[in-house]
2 protein chains.
Amino acid sequence: MTDHTHSLHALKVSCSNCSLRELCLPLGLNRDEMAQLDAVIRQSRRLKRGEYLFRSGEGFRSLYAVRTGYFKTCVSSQDGREQVTGFHMSGELMGLDGISSNLHGCDAIALEDSEVCELPFNRMETLGRDIPSLQHHFFRLMSREIVRDQSVMLLLGNMKAEERLAAFLLNLSQRLSARGFAANDFILRMSREEIGSFLGLKLETVSRTLSKFQQQGWLVVDHKHIQLVKPEELKQLVAGCSQAQH
Amino acid sequence: MTDHTHSLHALKVSCSNCSLRELCLPLGLNRDEMAQLDAVIRQSRRLKRGEYLFRSGEGFRSLYAVRTGYFKTCVSSQDGREQVTGFHMSGELMGLDGISSNLHGCDAIALEDSEVCELPFNRMETLGRDIPSLQHHFFRLMSREIVRDQSVMLLLGNMKAEERLAAFLLNLSQRLSARGFAANDFILRMSREEIGSFLGLKLETVSRTLSKFQQQGWLVVDHKHIQLVKPEELKQLVAGCSQAQH
DNA sequence: GGGCTTGCTTGATACGCGTCAAAGCAGAAA
DNA sequence: TTTCTGCTTTGACGCGTATCAAGCAAGCCC
């Protein structure tokens, strides 16, 4: 491994499990383009658990891609209610909401010791003009975020507590398995309160619903350790209320 | 007026109130760039009330900008629950969620006789490489959509029925007044059920809450005609739960 | 170890909104 | 005009989740 630990190129090679695969692999860049990209990516930044990557209202300069670790993003109302807008694991991008106003629109907080790549947006934008596939990739990433937000709206607007939690667990399971981790045996990185905030529920409801799932034998809860015993049952629960496929 | 009624350029000149102002004005394009843009914009399309502009699952080719009229976009679950994800008036863009998968991710339906401009995405993307301010503008538009979605999440996740409806009415009021219409006297283009779907409420709750506001003398409801009598009271209601400004 | 903090679980109760039902009203069609 | 149809309003009631409160387990510092 070279000293280019901060480059996407190096990441692609060095870090097959926890890397920016989704961010860099589908591009199909040639060697020269890859070098250009490398030149723009800033050294990665490490954060301790609980540390803010950025705060709502701060000046926006860069997007951040999670290399390792786990983040939440959230918006706060004036009277202090907090809405978690997403949980982000390796390969996922944060900060897209800052482009519109040149100010970050949410807080990003590490849920465990983490590492991110900084992508200075201006330079990525410029680079996009020279590398069409890069430009297209950024449009796709932003669009994917919009699609994700729409499905969260469906969840918050239409689903009951059990459906929300089942959808949440299955989504987590699917993302973890896409990264090479076990799909049915994982550790929750966030508290019950943070799950509740994301799902529009109170922490007690999250706790009760997990207990209910456990009583039915669908999963085993041991604090933050979750084992999905009958994921099919959870899938059936969300089947009706999840977004229709066409 | 020329026969270029389909061009953004023409719109800019011809249609100061109901146009794509937000879409085209901030660009600061020169005459040549404007001509390039004109060449890409397709003839505008007219839709009758209730007609679909596109459907979830259809192939994605173009974005659509509302010239006149009014649209809703919505996603549906397999068992038929419908979540309205937004209402769109003149100058606003629809279809951004289709970029990620090359399939439209929601339905777009005209709520009254309407007219849209079709923007073929591939050609806009190509043009963006030659006109940096255009590229940047598209990034900003997509980011703005993400910011909007986040505030909807805050609404659906944290607010009570009264707060949701007040926030909805004030948002509508603000957007109308930005387009030169009266801020405190307007016609709702959508049904109670559609408002409810957007706000995560049932139509009866929407109706009851409107009645409650009327009883308190904050507004006058006459079917679809709304007059805000004391908008300050509504503002105070949402002040605490709206997103904090930094 | 003892005492503290923090996060989680569980129960009892309250309340907001959903559900069901009936009736009113306006616009479209005949 | 009359009838029909879709949308809205309003009331009564019930369910689901929030709220309040108590107790428990794990981790941490003294």
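Just above sits the structure.
Below is a summary of the structure that appears in this document. Throughout, a residue's number is its position along its own chain's written sequence, starting from 1. Chains carry letters and ligands carry numbers; both start at the beginning, A for chains and 1 for ligands, and go up in the order they are written. Per-residue local features are limited, in this predicted model, to residues with pLDDT of at least 70; the limit for side-chain atom pairs, both in listing and counting, is 80 or more; totals at the level of whole chains, interfaces and linings are taken over all residues. Values reported for side chains reflect all heavy atoms of the structure, with hydrogen atoms and water molecules removed beforehand.

1. What to know about the protein's contact with DNA strand C
Okay, so step 1: In this text, near means that some heavy atom of the residue lies within 4 Å of the molecule or strand in question. With respect to spatial proximity, 17 residues lie near DNA strand C, and among them Ser207(A), Arg208(A), Ser211(A), Ala161(B) and Thr205(B) are the closest.
Okay, so step 2: The sugar-phosphate share of atoms of DNA strand C within 4 Å of the protein amounts to 65%.
Okay, so step 3: For this analysis, a polar contact is any N or O atom pair within 3.5 Å, provided that within protein one partner can donate a hydrogen and the other can accept it, and provided that sequence-adjacent residues contribute only side-chain to side-chain pairs. Ala161(B) places a polar main-chain atom, nitrogen or oxygen, 2.8 Å from a phosphate oxygen of DNA strand C.
Okay, so step 4: Glu204(B) places a side-chain nitrogen or oxygen 3.2 Å from a base nitrogen of DNA strand C.
Okay, so step 5: Put simply, DSSP H or I for four residues or longer makes a helix, DSSP E for two residues or longer makes a strand, and each gets a number counted from the N terminus. If you list the elements that add at least two residues to the surface near DNA strand C, you get α8 (203-215) of chain A together with α8 (203-215) of chain B.
Okay, so step 6: With five residues, α8(A) is the largest single contributor of residues to the surface near DNA strand C.
Okay, so step 7: All amino acids are sorted into three groups, where Ala, Val, Leu, Ile, Met, Phe, Trp, Tyr, Cys and Pro are nonpolar, Asp, Glu, Lys and Arg are charged, and the leftover types, Gly among them, are polar. A per-class count over the surface near DNA strand C returns three nonpolar, six polar and eight charged.

2. Describing the sheet that holds strand β10 (residues 219-222) of chain A
All names here are of chain A.
Okay, so step 1: Across the sheet, which stays open at both edges, the three strands sit in the order β9-β11-β10 with antiparallel pairing between neighbours. This sheet does not close on itself; its edge strands, each paired only once, are β9 (185-187) and β10. With direction set aside, neighbouring strand axes in the sheet form an average angle of 15°.
Okay, so step 2: Taken together, the three bridges between β9 and strand β11 (residues 225-228) define a ladder with antiparallel strand orientation. Looking across to β11, one finds that Phe186 is bridged to Ile226.
Okay, so step 3: Each of β9, β10 and β11 is contacted by helix α6 (residues 161-178), which is oriented at about 100° to β9, the strand it contacts most. Two strands form a pair only when DSSP identifies at least two bridges running between them. To define axes, lines are fitted to C-alpha atoms, for helices over the stretch in contact only, and angles between the resulting N-to-C directions are given on a 0 to 180 degree scale. In this description, contact between two residues means that some pair of their heavy atoms is separated by no more than 4.5 Å.

3. Brief notes about unusual backbone geometry
All names here are of chain A.
Okay, so step 1: Despite not being glycine, His223 has its phi angle at roughly 55°, a positive value.
Okay, so step 2: Mapped onto the elements, His223 comes out in the loop between β10 and β11.
Okay, so step 3: Looking at His223, the relative accessible area reads 64%, which means it is exposed. Here's how the labels work: a residue is buried when its accessible area is under 20% of the maximum for its type, exposed when over 50%, partly exposed in between, all with a 1.4 Å probe on protein chains only.

4. Regarding the sheet that holds strand β2 (residues 52-54) of chain A
Within a sheet, neighbouring strands are paired by backbone hydrogen bonds and run either parallel or antiparallel to one another.
Residues and elements named next belong to chain A.
Okay, so step 1: Strand order in the open sheet formed by four strands is β2-β7-β4-β5, with antiparallel pairing between adjacent strands. This sheet does not close on itself; its edge strands, each paired only once, are β2 and β5 (82-88). Taking each pair of neighbouring strands and ignoring which way they run, the sheet shows an average axis angle of 30°.
Okay, so step 2: Relative to β5, helix α7 (residues 192-199) is tilted by about 100°, and along the sheet it contacts β4 (71-76) and β5.

5. Here we look at the relation of the copies chain A and chain B
Okay, so step 1: When chain A is brought onto chain B, the operation consists of a screw motion whose angular component is 180° and whose axial shift is 0.0 Å, with 0.0 Å RMSD remaining. Taken together, the turn and the small shift mark the pair as related by a two-fold rotation axis. Within chain A, the C-alpha atom positioned nearest to the axis of rotation is that of Arg129(A), 2.3 Å from it.
Okay, so step 2: Comparing interface residues between copies, 98% of those in chain A also lie at the interface in chain B; the contact surface is shared. Least squares is the method used to superpose the copies, on C-alpha atoms of residues holding a pLDDT of at least 70 in both.

6. Focus: the packing of α6(A) against α7(A)
Residues and elements named next belong to chain A.
Okay, so step 1: With their axes 11 Å apart at the nearest point, α6 and α7 run at an angle of 110° to one another. Considering the angle they form, α6 stands roughly perpendicular to α7. Seen from α6, the contacting residues are Arg164, Leu165 and Phe168; seen from α7, they are Ile195, Phe198 and Leu199.
Okay, so step 2: In terms of residue class, the contact of α6 with α7 is built from five nonpolar, no polar and one charged. Should an angle fall under 35 degrees it is called roughly parallel, over 145 degrees roughly antiparallel, and 65 to 115 degrees roughly perpendicular, with every other angle called oblique.

7. Focus: the environment of Thr68(A)
All names here are of chain A.
Okay, so step 1: Positionally, Thr68 belongs in strand β3 (residues 62-68).
Okay, so step 2: Using a relative accessible area of 27% as the deciding quantity, one classes Thr68 as partly exposed.
Okay, so step 3: Residues Thr68 and Glu112, 44 residues apart in the sequence, show an inter-C-alpha distance of 9.4 Å.

8. With respect to the protein's contact with DNA strand D
Okay, so step 1: Near DNA strand D there are 17 residues, and of these Ala161(A), Thr205(A), Arg208(A), Ser207(B) and Ser211(B) occur at the shortest range.
Okay, so step 2: When the atoms of DNA strand D within 4 Å of the protein are sorted by group, sugar and phosphate make up 62%.
Okay, so step 3: One of the side-chain nitrogen or oxygen atoms of Arg208(A) is found 2.8 Å away from a base oxygen of DNA strand D.
Okay, so step 4: Between DNA strand D and Ser211(B), the relevant distance is 2.6 Å, taken from a phosphate oxygen to a side-chain nitrogen or oxygen of the residue.
Okay, so step 5: Elements represented by at least two residues in the surface near DNA strand D include exactly α8 of chain A together with α8 of chain B.

9. Brief notes about the nonpolar core
Okay, so step 1: Counting 76 residues, the largest nonpolar core has Leu165(A), Phe168(A), Leu165(B) and Phe168(B) as the members making the most contacts within it.
Okay, so step 2: In this view, Phe168(B) contacts Phe87(B), Met190(B), Ile195(B), Phe198(B) and Leu199(B); residues no more than four positions away in its chain are not counted.
Okay, so step 3: Judged by nonpolar contacts, the second largest core, of 46 residues, contains Val40(A), Cys117(A), Leu96(B) and Cys117(B). Definition used in this section: a nonpolar core is a set of buried Ala, Val, Leu, Ile, Met, Phe, Trp, Tyr and Cys residues joined via side-chain atoms within 4.5 Å.

10. Comments concerning the interface of chain A and chain B
Okay, so step 1: On the side of chain B, 52 residues touch chain A, which itself brings 53 residues to the contact.
Okay, so step 2: Take the accessible area each of two parts loses on contact, using a 1.4 Å probe, and add the two losses: that sum is the buried area. Overall, the association of chain A and chain B removes approximately 5000 Å² of surface from exposure, summing both partners, and the carbon and sulfur fraction of that is 57%.
Okay, so step 3: For chain A, the biggest contributors to the area lost against chain B are Arg81(A), Phe139(A) and Met153(A); these three give 14% of the whole.
Okay, so step 4: Here, a salt bridge means any side-chain nitrogen of Lys or Arg that lies within 4 Å of a carboxyl oxygen of Asp or Glu. At the boundary of chain A and chain B, one finds two salt bridges.
Okay, so step 5: Between Glu163(A) and Arg81(B) there is a salt bridge, and its shortest N-O distance comes to 2.9 Å.
Okay, so step 6: The tally of links from chain A across to chain B stands at 33 residue pairs in polar contact (both at pLDDT 80 or more).
Okay, so step 7: Broken down by secondary-structure element, the contributors of at least two residues to the side of chain A that touches chain B are β4, β5, α4 (121-130) and α5 (132-158) of chain A.
Okay, so step 8: When residues of the side of chain A that touches chain B are assigned to their parent elements, the largest contribution, 20 residues, is made by α5(A).
Okay, so step 9: By residue class, the composition of the side of chain A that touches chain B is 19 nonpolar, 23 polar and 11 charged.

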